[in-house]
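The lines below spell out each chain.
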Amino acid sequence: MKTIKGLILGSTAALLAVGGAQAADLPVKAKAVEYVKICSLYGAGFYYIPGTDTCIKIGGAIRIDTSFNANAYDTPFYQGGAGGNNLWTKDYFITRERINLTTDTRTATEYGVVRTYANMQFDFSQNRESIAGGFTEVDYAFIQFAGFTFGKAVSQFDPQWALSKPYISSGFLNGSNNSTGIPQLAYTASFGNGVSGTISIENASPYRNAGLWNTNTFIVGPGAGSFTGTFYGTNSNTFLGNAIGGNHIPDVVGNIRLDQAWGTLHFGAAMHAATPGLYSGSNETLGHADDKYGFAVNGAVEFKNLPTGAGDSLKLEATYAKGAAKYVFGGTNDSAGGGRYAKVDGNTIGFGYVLDGVYATNGQITQSEAWSVVGFYEHYWNPAWRTSLFGSYSSISYGDGNAQMLAAFQGLSAGGPGFSSSSAAAARAGTFAGTGNFDFAIAQIGTRTAWTPVKNLTLSAEFTYSRLEQNLNGTYTTIGSGMSGKPAGTVLNTSNQNLYNGSVQILRSF
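In this text the structure is predicted, and so the values were computed from the model without any measurement.

The rules behind the values
Residues numbered from 1 in each chain as written. Predicted model: local features only at pLDDT ≥ 70, side-chain atom pairs only at ≥ 80, totals over all residues. Heavy atoms only, no water. Helix = DSSP H or I, 4+ residues; strand = E, 2+ residues; numbered from the N terminus. Contact = heavy atoms within 4.5 Å. Areas by Shrake-Rupley, 256 points an atom, 1.4 Å probe, with all protein chains shown as cover. Buried < 20%, exposed > 50% of the residue type's maximum accessible area, 1.4 Å probe, protein only. Pairing = 2+ DSSP bridges. Lys, Arg positive; Asp, Glu negative; His and termini not counted. Salt bridge = Lys/Arg side-chain N within 4 Å of Asp/Glu carboxyl O. Polar contact = N/O pair within 3.5 Å; in protein donor to acceptor, adjacent residues only side chain to side chain. Core = buried A, V, L, I, M, F, W, Y, C linked by side-chain atoms within 4.5 Å. Disulfide = S-S within 2.5 Å. pLDDT = per-residue confidence, 0-100. Axes fitted to C-alpha atoms, helices over the stretch in contact; angles between N-to-C directions. Phe/Tyr/Trp six-rings, centres within 6.5 Å; stacked < 30°, edge-to-face > 60°. Lys NZ or Arg CZ within 6 Å of the ring centre and 35° of its normal.

(A) Looking closely at the overall build of the protein. A count of helical and extended segments in the protein gives five helices and 27 strands. Within the protein, counting contacts between residues at least 6 apart in sequence, those at least 24 apart form 68% of the total. Carbon and sulfur atoms make up 62% of the accessible area of the protein, which totals about 23500 Å².

(B) Up close: the pairing of strand β19 (residues 348–353). Burial of β19 is extensive: six of the six residues sit out of reach of the surface. Judged by which residues are buried, β19 turns out to be covered on both faces: Thr348, Gly350 and Gly352 on one side and Ile349, Phe351 and Tyr353 on the other are all buried. With six bridges connecting them, strand β18 (residues 340–345) and β19 associate as antiparallel partners. Each bridged residue has a counterpart across the sheet, and for Val344 the counterpart in β19 is Ile349. Connecting β18 to the next strand, β19, in antiparallel fashion are two residues, including Gly346 with a positive phi near 65 degrees. Pairing analysis gives two bridges linking β19 to strand β26 (residues 491–494), with the strands arranged parallel. Bridging across to β26, Thr348 finds its partner in Asn493.

(C) Layout of the side chain of Asp139. Here Asp139 is to be found in strand β6 (residues 134–145). Look at Asp139: it is buried, it has no salt bridge, and the nearest opposite charge is Arg98 at 4.9 Å. Within the structure, the side chain of Asp139 is placed 2.7 Å from the side chain of Gln121, a separation counted as a polar contact. Setting aside residues no more than four positions away along its own chain, Asp139 makes contact with Asn119, Gln121, Lys152, Ser179, Thr180 and Gly181.

(D) Highlighting the nonpolar core. In terms of nonpolar packing, the biggest core is built from 38 residues, with Phe329, Tyr341 and Phe438 touching the most fellow members. If you list the elements that add at least two residues to this core, you get α3 (326–329), β18, β19, α4 (401–410), β24 (430–454) and β25 (457–478). In terms of residue count, β24 provides more of this core than any other element does, four residues in total. Counting six residues, the second-largest nonpolar core is a separate cluster that includes Leu212, Ala274, Tyr359 and Ile365.

(E) A look at the state of the cysteines. Taken as a whole, this structure holds one disulfide when the rule is applied. In this model Cys39 forms its disulfide with Cys55; the gap between the sulfur atoms is 2.1 Å. Across the S-S bond of Cys39 and Cys55 the torsion is about 80 degrees, and the bridge reads as right-handed. Of the two residues, Cys39 sits in the loop between β1 (37–38) and β2 (47–48) while Cys55 sits in strand β3 (residues 54–68), which places them 16 residues apart along the sequence. Per residue, the accessibility class of Cys39 equals that of Cys55, and both read buried.

(F) Expanded view of the pattern of salt bridges. A complete count under the given rule lists 13 salt bridges for this structure. Arg63 is the partner of Asp65 in a salt bridge, and the nearest nitrogen-oxygen pair spans 2.8 Å. A salt bridge links Arg467 to Glu469; the shortest N-O distance between them is 3.9 Å. Residue classification places Arg467 among the partly exposed positions, given a relative accessible area of 27%.

(G) Seen up close, the confidence of the model for the protein. In this model, the protein carries a mean pLDDT of 81, and residues with pLDDT of at least 70 account for 77%. Strand β12 (residues 231–232) is the least confidently modelled element of the protein, averaging 29 in pLDDT, while strand β9 (residues 195–202) averages 97, the highest of any element. The model gives residues 218–240 a pLDDT under 50, and that stretch makes 74 contacts with residues more than four places away or in other chains. Note that pLDDT drops below 50 for residues 333–337; the model gives that stretch 17 contacts with residues more than four away or on any other chain.

(H) Local environment of the sheet that holds strand β10 (residues 212–214). Overall, mixed pairing links the three strands, which are arranged β10-β20-β21 in an open sheet. The open sheet terminates on both sides in strands that have one partner only, identified here as β10 and β21 (365–367). Pairs of neighbouring strands in the sheet enclose a mean axial angle of 20 degrees, with direction left out of account. As judged from the three bridges shared by β10 and strand β20 (residues 357–359), these two strands associate in the parallel manner. Among the inter-strand pairings, Asn214 is bridged to a residue of β20, identified as Tyr359.

(I) Examining the environment of Asn69 more closely. With respect to the helices and strands, the residue Asn69 is situated in the loop between β3 and α2 (81–84). Separated by 434 residues in the primary sequence, Asn69 and Ser503 have C-alpha atoms spaced 9.0 Å apart. Contacts of Asn69, omitting those with residues within four sequence positions, involve Phe77, Lys90, Tyr92, Tyr500 and Asn501. In this structure the side chain of Asn69 is engaged in a polar contact, spanning 3.0 Å, whose partner is the side chain of Lys90.

(J) Inspection of the environment of Ala433 at higher detail. Mapped onto the fold, Ala433 is located in strand β24. What makes Ala433 partly exposed here is its relative accessible area of 48%. Residues Ala433 and Asn473 lie 40 residues apart in sequence; the distance between their C-alpha atoms is 8.4 Å. With near-sequence residues (within four places) excluded, Ala433 lies in contact with Asn473, Gly474 and Thr475.

(K) Quick peek at unusual backbone geometry. Even without being glycine, Asn305 reaches a positive phi, approximately 45 degrees. Taking the relative accessible area as the measure of exposure, Asn305 reaches 54% and is therefore exposed. Positive phi, close to 65 degrees, is recorded for Asn456, a residue that is not glycine. You can see Asn456 is positioned in the loop between β24 and β25. Under the relative-accessibility criterion, Asn456 is labelled partly exposed at 34%.

(L) Molecular detail of the packing of aromatic side chains. For the structure shown, the criterion picks out 23 aromatic pairs. Aromatic pair Phe172 and Phe376: ring centres 5.8 Å apart, planes at 70 degrees, arrangement edge-to-face. With Phe172 in the loop between β7 (148–153) and β8 (182–192) and Phe376 in strand β22 (residues 369–380), this residue pair connects regions lying 204 residues apart in the sequence. For the residue pair Phe172 and Phe376, the accessibility class agrees, reading buried in each case. Aromatic ring contacts, followed pair by pair, group Tyr78, Phe329, Tyr341 and Phe440 into a single cluster. The side chain of Arg208 reaches across the aromatic face of Tyr327, ending 4.0 Å from its centre.

The following block contains the structure:
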């Protein structure tokens, strides 16, 4: 009996041992690997880069535009060419597609958050370009660390709501605000209660360099496009347009800001250096004028959630500049003549220039004075529909420099509003006879209505009216096609000009 009992107990123990061994050999269900981990530290859309403590957000947009009576950026036709000359060959509409990609990374450190941001765009315009032609640009690319900003970012002169203004057009004048960032080295300090201040050095080229009018030097060339010949003083032949020198020092910019739940308050200031080109235009024989320093100041305010409705906002900005015209008129420099604005309508013509100033043989630069006021109001009819109304008035005057400008202008045997550094191009322009001055202004008013049927999909339509006000009183007689596009010998009367343009857009962001 004991033998049988022992066998049973032994067999049971053996079975338990074998069973335990087999159980130990069974596969254990592994914990799922979290390849993408949400990062909630910096808002929606951020994820941890696998294997790091850096969070990244990838976004972008696809934007489809059609502009009417304007160029691809819905800019009014006041820059010459077929559109500005109102020729039969102008495009009545133009289409453009934009692909936008953004990356935003954040890493928490003992010095605060280290941030990198980049915005890359791929633009494709039709009509004058090939069906597949286009270009690539990097509008923003910066690193932020311990209060510093390094790289291409919104200018510290501009209010930081510069990128959220409620319109489509790149041709609406709204102070110094530019369509892309400006290279800079900036430091921002926070003082508490929403108050902060920033000091920055920014690369003035190309956005801030408006150029100068060299009334001293004109040249007579024996052949088309020639720069050889005899140098003369005022009242000779071809105007050397946009006579600007090298980019010698950066602009110094600062601001003070207040950010609150009701909105923001912003004050900015900038110092800008105007560097003239050579008197002779082509060599250092006759020297150059000295650099001259200008400045610009602005004030801006934004009111949020107005009594007119949830989400409504009102933005106002005023800017004044002396010897720093692009802080008022914004945008890139027009290489054909220092921010040229020109428009032909029937037998009339109006034109003006955005320049930092005028200089002559006395080595002195007479600085321009410019100012602008801008306003934006946006109303939400409901969460899906909203309408904005915007307007601006931008003005520039040349003071004592007007006498030099007008004398040089009247003395041209070839030249005129199609100013170019090429004698051949100038000879195809025309001559002016009359009085007045080169002070001018542009007034604009526009409206946009946008519909967002689903999140991150917006369809909008915009209309803008612009008026170019100029102060030249006389006639402009064409020598060749030149800037006016009219047959040689056509007489145009100088007068103010009205412009109308519009755009429709569909934008899908992600």
